Amino acid sequence: GSSLHPVIWDLDVDQDQVFILWAQGGDDRGYRVDVFDADNGDFAGHFYTQTSSDRQNMSIVIEGNQFYTVDYDGGMVYKYQMQENDNT
């Protein structure tokens with residue numbers, strides 16, 4: 001049988017968090033981005049790029065509470081406002 005090998009397309013570090021964009025898990029919400037604490041490596045949560053995964057979005061940039069993703073097929077850069085997670 002074949003095994004699934006995770007592929008990281010991009011990563012970004014902003015303030016005290018590390019964001020990893022995976023090539024797997026794409027759907028109409030886009031590809032999955034995992035968020036980790038930069039100090040201790042703890043998993044902090046995840047979100048999706050919002051750029052539909054039928055288009056290649058292989059790059060993310062995080063700046064404060066905004067993130068950018070690139071749709072390479074259409075040559076578009078999308079900007080999103082990140083919302084605070086209230087699960088404390």
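Residue indices follow the written sequence of each chain, beginning from 1 at its first position. It should be noted that, the model being predicted, local features are given only for residues of pLDDT at least 70 and side-chain atom pairs only at 80 or more, the latter also being counted only at that level, while totals for whole chains, interfaces and linings use all residues. Hydrogens are left out, water is left out, and the side-chain values use all remaining heavy atoms of the structure.

Q: Would you mind going over the overall build of the protein in detail, with residue names and values included?
A: Counting its regular elements, the protein contains zero helices and seven strands. Helical segments are the DSSP runs of H or I of at least four residues, strand segments are the runs of E of at least two, and each set is numbered from the N terminus. Each helix (α) and strand (β) of the protein, taken in turn from the N terminus, gives the series β-β-β-β-β-β-β. The 88 residues of the protein split such that 32% are buried. Contact criterion: two residues are considered in contact whenever any of their non-hydrogen atoms come within 4.5 Å of each other. The long-range fraction of contacts in the protein, counting pairs at least 24 apart against all pairs at least 6 apart in sequence, stands at 20%. Any residue under 20% of the maximum accessible area for its type is buried, any over 50% is exposed, and the rest in between are partly exposed; the area is computed with a 1.4 Å probe on protein chains only.

Q: Run through the pattern of salt bridges, naming residues and quoting values.
A: Every case where a carboxyl oxygen of Asp or Glu lies within 4 Å of a side-chain nitrogen of Lys or Arg is listed as a salt bridge. One pass over the full model with this rule turns up one salt bridge. Among the salt bridges present, the one from Asp34 reaches Arg32, with a minimum N-O distance of 2.5 Å.

Q: Give me the environment of Tyr80: which residues, what numbers.
A: With respect to the helices and strands, Tyr80 occurs in strand β7 (residues 76-81). When the C-alpha atoms of Tyr80 and Thr69 are compared, they prove to be 8.3 Å apart, with eleven residues separating the residues in sequence. Apart from residues no more than four positions distant in its own chain, Tyr80 is found in contact with Thr49, Gln50, Thr51, Asn65, Gln66, Phe67 and Thr69.

Q: Describe the sheet that holds strand β3 (residues 32-37), naming the residues involved and giving the relevant values.
A: Consider a sheet: its strands pair through backbone hydrogen bonds, and that pairing is either parallel or antiparallel. Spatial strand order, β1-β2-β3-β4: four strands in an open sheet with antiparallel pairing. Edge positions in the open sheet fall to β1 (8-14) and β4 (43-48), since each of these has one partner strand only. On average, each strand axis in the sheet is tilted by 20 degrees relative to the strand beside it, whichever way the strands run. Bridge analysis of β1 against strand β2 (residues 17-22) gives six bridges, and the strand direction is antiparallel. Within β2, the position partnered with Ile8 by the bridge is Trp22. When DSSP locates at least two bridges between a pair of strands, those strands are taken to pair. Axes, fitted as lines to C-alpha atoms, cover a helix only where it is in contact. Angles between the N-to-C directions of the axes lie from 0 to 180 degrees.

Q: Please give an account of unusual backbone geometry that cites residues and values.
A: Residue Gln15 is not a glycine yet carries a positive backbone phi of 55 degrees. Its location among the elements puts Gln15 in the loop between β1 and β2. Taking relative accessible area as the criterion, Gln15 reaches 69% and is therefore assigned exposed.

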